[in-house]
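Close look at the chain arrangement
Take a look at the letters that make up each chain.
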Amino acid sequence: MRSGISQEIVIIGGGVTGVASAYELAMAGAAVTVVEQASLASMASGRTLAGVRQSGRHAAELPLAMAAVARWKTLGDELGADLEYRQDGNLRLAEDEVDRAKILTIVGEQSRLGLEIEFLDGNSAVREIAPAVAEHVRAASYTPTDGHANPNATVDAYAQAARNAGARIREQSRVQEIETRNGRIAGIRTDNCRIPADTIVIAAGIDTPALLAPLGLDLPLHLANVPVVQTTRTRPLLAPVIGTAKAHFAARQEAGGAMRFSSGGHPVEPGADAKAPDLMRPSVARLAETMSRAASLLPAIGGLPVNAVWGGLIDLTPDSLPVIDRVSEIEGLVVAAGFSGHGFCLGPVSGEIIRDLVLARVQRYRIEPFRWGRFVARNGTDSPELLG
Ligand SMILES: Cc1cc2nc3c(=O)[nH]c(=O)nc-3n(C[C@H](O)[C@H](O)[C@H](O)COP(=O)(O)OP(=O)(O)OC[C@H]3O[C@@H](n4cnc5c(N)ncnc54)[C@H](O)[C@@H]3O)c2cc1C
């Protein structure tokens, strides 16, 4: 136990949410242990496109994304590492009139919410910002303060800074059971040890429902598989991150020069085994679709050699907003999951929110839209926007 704060905290999950929370808690003087079943960033946080984007966010999430961007600007200095953060904007492309109308609406709504976002009308206006964009693109929204970063560098930097502040991080240690006593958290059991705890934060992405179910708790997540392609390094081609109004393609050029792009998420069969190795692998057909959209929207990258392909799973809630809250049924249990394809950008702010939930501090943000239990007796789903 460290000075000042008398609770033992265990965070399940070594993705960006888990390590950012560990960092914030350790900096606040709390005793915190992260338990990760594989290696850090082995799931969504290491497979992500890693856009740091405010534009297109739900009105409830936008204040968090804007606060996160403010934090991203100095995060590398704070953590003492190069996160390859670039704030070169985001373009959301319109390929037809339906897209154009959608983007006009987004620009109007988000300007009213205080985001710096403009409508670029016509192909030449778009290509002034990103000359590599195809000639058939008719318009775009442009958010100059959006950007991107290196996700593995970010997770590693948070983890190292958390360790420096006293946090323990145990990799290759799978939580098998969350123990409770008299309605309170008592600890966790992994495949090789037991750790007593007063507070547990479940930041386990797609595995969160499986950890909650033995406690009689339900978090309705459905999964989507997103194929990702990375090329070899190339000359500077694309400064902003691009996405499409249809949310069926997104791309960025990494700081090292590789292009990383992705097509939309494809729903995974409900009830599919989240541990099945093939669940994350993109199919030939999905990859072909991804490549073809890349060549169509960014013709200059069509001839580049492919360096790697992979798939990632997205944890979608019914309203595409995360759950970040205390679980009312069990004293000492906090859930942070269901980031619905937006959790990389939000990482720094998620860490602050979780710290303040755990330490019962006044929240700096309005977290009511992210409350636990809001899906009880809810019908239907809102249409999720899957790409970063
Ligand atoms: C292809 C793709 C593109 C994306 N693009 C963007 C984007 O551009 N911008 C953006 O903001 N977001 C994006 N996202 C979403 C973002 O990456 C995620 O929301 C974010 O990384 C989630 O982080 P996390 O820490 O909550 O979960 P994860 O990174 O999934 O981490 C959860 C961790 O918990 C561990 N775990 C699970 N069960 C257990 C257990 N029983 N015991 C111990 N450990 C356990 C897992 O191994 C995993 O490492 C994208 C996601 C994908 C897949």
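This is a predicted model, so every value here is computed, not measured. (Residues numbered from 1 in each chain as written. Predicted model: local features only at pLDDT ≥ 70, side-chain atom pairs only at ≥ 80, totals over all residues. Heavy atoms only, no water.)

1. Quick notes on the domain arrangement of the protein chain
Along its sequence, the protein chain is carved into domain 1 (1-86 + 146-219 + 318-388) and domain 2 (87-145 + 221-316). Using only C-alpha atoms to locate each centre, domain 1 and domain 2 end up separated by 25 Å. The interface of domain 1 with domain 2 comprises 41 residues on the first partner and 46 residues on the second. Between domain 1 and domain 2, a total of about 3,500 Å² is buried, with carbon and sulfur atoms accounting for 61% of that surface. Put simply, the parts of the chain that give the side of domain 1 that touches domain 2 at least two residues each are helix H2 (44-47), helix H3 (62-79) and strand S7 (147-148). Per-element tally for the side of domain 1 that touches domain 2: the top contributor is H3, with four residues. (Domains from an automatic or database assignment. Contact = heavy atoms within 4.5 Å. Buried area = accessible area lost by both parts, 1.4 Å probe. Helix = DSSP H or I, 4+ residues; strand = E, 2+ residues; numbered from the N terminus.)

2. A few points about the site of the ligand
The full set close to the ligand counts 39 residues, and Thr-17, Glu-36, Ser-45, Gly-51 and Cys-345 are the nearest of them. At 2.7 Å, a side-chain N or O of Thr-17 approaches an oxygen atom of the ligand. Within the side chain of Thr-48, a nitrogen or oxygen atom sits 3.1 Å from a nitrogen atom of the ligand. Within the complex, 98% of the 1,000 Å² of free accessible area of the ligand lies under protein. Within the residue set of the shell around the ligand, elements represented by two or more residues are helix H1 (16-27), H2, strand S13 (222-233), strand S18 (306-316) and helix H9 (343-358). Here the shell around the ligand is built from residues that sort into 18 nonpolar, 16 polar and five charged. (Near = heavy atom within 4 Å. Polar contact = N/O pair within 3.5 Å; in protein donor to acceptor, adjacent residues only side chain to side chain. Areas by Shrake-Rupley, 256 points an atom, 1.4 Å probe, with all protein chains shown as cover. Nonpolar A, V, L, I, M, F, W, Y, C, P; charged D, E, K, R; others polar.)

3. Things to note about the packing of aromatic side chains
Following the criterion strictly, the structure yields four aromatic pairs and no others. Here Phe-249 and Phe-261 contribute two aromatic rings whose centre-to-centre distance is 5.9 Å and whose plane-to-plane angle is 40 degrees, an arrangement assigned as tilted. Here Phe-249, found in strand S15 (residues 249-253), pairs with Phe-261, found in strand S16 (residues 258-263); they are 12 residues apart in sequence, far enough to count as distant. Exposure class is identical for Phe-249 and Phe-261. Each is buried. What links up through ring pairs into an aromatic cluster is the set Trp-72, Tyr-85 and Phe-344. (Phe/Tyr/Trp six-rings, centres within 6.5 Å; stacked < 30°, edge-to-face > 60°. Buried < 20%, exposed > 50% of the residue type's maximum accessible area, 1.4 Å probe, protein only.)

4. Things to note about the pattern of salt bridges
What the rule picks out here adds up to 22 salt bridges. For Asp-99, the salt bridge goes to Lys-246, with nearest N and O atoms at 2.9 Å. Placement of the pair is Asp-99 in helix H4 (residues 97-112) and Lys-246 in the loop between strand S14 (241-244) and S15, with a sequence separation of 147 residues. Here the residues in one salt-bridge network are Glu-24, Arg-71, Glu-78, Glu-352, Arg-355, Asp-356 and Arg-364, joined through shared partners. (Salt bridge = Lys/Arg side-chain N within 4 Å of Asp/Glu carboxyl O.)

5. Points about the packing of H3 against H9
In contact at an axis separation of 8 Å, H3 and H9 are set at 95 degrees when each is read in the N-to-C sense. One element, H3, and the other, H9, form an angle in the roughly perpendicular class. Side by side, H3 and H9 meet where Leu-64, Ala-65, Ala-67, Ala-68, Arg-71, Trp-72 and Leu-75 of the first sit next to Phe-344, Cys-345, Leu-346, Pro-348, Val-349, Glu-352 and Ile-353 of the second. Tallied by class, the residues present in the contact of H3 with H9 amount to 12 nonpolar, no polar and two charged. (Axes fitted to C-alpha atoms, helices over the stretch in contact; angles between N-to-C directions. Parallel < 35°, antiparallel > 145°, perpendicular 65-115°, else oblique.)

6. Side note on the sheet that holds strand S1 (residues 8-12)
Pairing between sheet strands relies on hydrogen bonds along the backbone, with the strands arranged either parallel or antiparallel. Strands sit in the order S8-S2-S1-S12-S20-S19 across an open sheet of six strands; the sheet is mixed. Of all the strands in the sheet, the pair left with one neighbour each is strand S8 (168-170) and strand S19 (323-326). Taking the axes of each pair of neighbouring strands and ignoring which way they run, one obtains an average angle of 15 degrees across the sheet. Where strand S12 (residues 199-202) and strand S20 (residues 333-337) come together, three bridges link them in parallel fashion. For Val-201, the partnering residue across the bridge sits in S20 and is Val-334. Docked against the sheet, H9 engages S1, S12, S19 and S20, running at close to 15 degrees with respect to S19. (Pairing = 2+ DSSP bridges.)

7. Some remarks on the packing of H3 against helix H6 (residues 151-164)
For the pair H3 and H6, interaxial distance at closest approach is 10 Å and the crossing angle is 50 degrees. On the basis of the axis angle, H3 is oblique to H6. In this structure, the crossing between H3 and H6 has a hand that is left-handed. Taking contact as the criterion, the partners of Trp-72, Leu-75 and Leu-79 in H3 are, on H6, Thr-154, Ala-157, Tyr-158 and Ala-161. Here the residues of the contact of H3 with H6 sort into six nonpolar, one polar and no charged. (Left-handed = near helix turned anticlockwise from the far one by under 90°.)

8. As for the nonpolar core
Residues Ile-11 and Trp-72 are the most contacted members of the largest nonpolar core, which totals 57 residues. Broken down by secondary-structure element, the contributors of at least two residues to this core are S1, H1, strand S2 (31-35), H3, H6, S20 and H9. Apart from residues lying up to four places away in sequence, Trp-72 is in contact with Val-52, Leu-83, Tyr-85, Ala-149, Thr-154, Phe-344, Cys-345 and Pro-348. Counting residues in each nonpolar core, the second largest holds 25 residues, with Leu-219, Val-323, Leu-333 and Val-335 among its members. (Core = buried A, V, L, I, M, F, W, Y, C linked by side-chain atoms within 4.5 Å.)

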